[in-house]
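The chain contents come next:
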Amino acid sequence: MRPNQIKQVIAQGGPALGGWMAFNSPYAAEIMGHSGFDTVVVDLQHGPFYIDAAIPMLQALSATPAMPMARCSANNFFEINKLLDAGAYAIICPMIDSAADAAAFVSACRYPPVGTRSYGPTRGFLYGGPDYFEHANSTIMTWAMVETPQAMKELDAIAATPGLDGIFVGPADLSLALGAVPPPKHKAEPLASALKHIVERTHAAGKLAGCFSTTEEMSIDLKRLGFDFITVAMDAVLLKTSASERVAAVRKA
Ligand code: 3PY
Ligand code: MG
């Protein structure tokens, strides 16, 4: 089976860097996939599209050096199974509140006897290879999002979930959970301490720490904090920022 590039990059010292897709576009996914990221995440939670649109994006990513990853819209067994069957090599699951949520998520991603994933890896074979089934459980990565008040209380129990690869922070929802307002201010309290705490507790549990970011400054600070996986750029933010800067520069000249 094709190895999981994120695992390899992190094993070599990391951090693994990801792109983030909110556009409903295989072409845009392909452009992001050829931009140097180790992986690109197709976002079904906040991206304005559903699973039928996500599959061609995963297909487009399969033809790039970036590993196809997805954030499911919720902790939904059937959607997670479809995304894995379509060749996603890692799933980020939003709004995990408890160890029980995390266990259900991991179970959906693992074939029996370890988990309860149903068999039918249609595109999984094409992207992963003919020995997909033998290696899927040890190759596919599972990232549980910690971004709610309940999750902060249960962080250690979530991180201890057997088979879970990592904790992935949603800094905007985490800000709300901590009584602050988005956009996330990662240098200010309460988020600054929470990010440090999550990295420490996650690593203490022997798991990987990941975080979402849309800015260069925050991404570099997350790298310094010791995060193993950082999604450093989102398609919509890149386009808006770059287009606005170009218009402003030419108007001013
Ligand atoms: C968050 O910041 O809450 C996220 O889930 C990133 O999309
Ligand atoms: Mg969130």
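Residues numbered from 1 in each chain as written. Chains lettered and ligands numbered in written order. Predicted model: local features only at pLDDT ≥ 70, side-chain atom pairs only at ≥ 80, totals over all residues. Heavy atoms only, no water.

A few words now on the overall build of the protein chain. On a plain count of helices and strands, the protein chain comes out with 13 helices and eight strands. In terms of C-alpha radius of gyration, the protein chain reaches 18 Å, essentially the compact-globule figure of 18 Å for 253 residues. C-alpha extents for the protein chain along the principal axes are approximately 60 × 40 × 35 Å. When burial is assessed residue by residue, the protein chain has 51% of its 253 residues classed as buried. (Helix = DSSP H or I, 4+ residues; strand = E, 2+ residues; numbered from the N terminus. Rg over C-alpha atoms; globule rule 2.2 N^0.38 Å. Buried < 20%, exposed > 50% of the residue type's maximum accessible area, 1.4 Å probe, protein only.)

Quick look at the pattern of salt bridges now. Following the criterion strictly, the structure yields eight salt bridges and no others. A salt bridge links R117 to D85, with the nearest nitrogen and oxygen atoms 3.1 Å apart. With R117 in the loop between α5 (99-109) and α6 (122-128) and D85 in helix α4 (residues 77-85), the pair connects residues that are 32 residues apart, well separated along the chain. The class for D85 is buried, based on a relative accessible area of 15%. Ionic pairing is found between D221 and K187, a salt bridge with its closest N-O pair at 2.9 Å. With D221 in helix α12 (residues 216-225) and K187 in the loop between α10 (171-177) and α11 (191-204), the pair connects residues that are 34 residues apart, well separated along the chain. (Salt bridge = Lys/Arg side-chain N within 4 Å of Asp/Glu carboxyl O.)

Geometry sets the ideal angles at a metal, namely 109.5 degrees for four tetrahedral donors and 90 or 180 degrees for six octahedral donors. Coordination of the magnesium ion (ligand 2) by the protein involves E147 (OE) and D173 (OD), with metal-donor separations of 2.1 Å. Of the two residues, E147 is situated in the loop between β5 (141-146) and α8 (149-153) and D173 in helix α10; the sequence distance between them amounts to 26 residues. Assessed through its relative accessible area of 3%, E147 is described here as buried. Since its relative accessible area comes to 21%, D173 is described here as partly exposed. (Donors = N, O, S within 2.8 Å, 3.2 Å for Na, K, Ca; no water.)

Another point: the site of ligand 1. Neighbouring residues of ligand 1: R71, M145, E147, G170, P171, A172, D173 and F212. Within the backbone of G170, a nitrogen or oxygen atom sits 3.5 Å from an oxygen atom of ligand 1. P171 places a main-chain nitrogen or oxygen 3.1 Å from an oxygen atom of ligand 1. For ligand 1, the accessible surface in isolation is 230 Å², of which the surrounding protein chains cover 92%. When atoms are counted within 2 Å of each cavity's grid points, the one that captures over half of ligand 1 is the largest pocket. In terms of residue class, the shell around ligand 1 is built from four nonpolar, one polar and three charged. (Near = heavy atom within 4 Å. Polar contact = N/O pair within 3.5 Å; in protein donor to acceptor, adjacent residues only side chain to side chain. Areas by Shrake-Rupley, 256 points an atom, 1.4 Å probe, with all protein chains shown as cover. 1 Å grid on protein atoms, 1.4 Å probe; cavity = no way out; pocket = protein on both sides within 12 Å on 5 of 7 lines; lining within 4 Å. Sits in = over half its atoms within 2 Å of the grid points. Nonpolar A, V, L, I, M, F, W, Y, C, P; charged D, E, K, R; others polar.)

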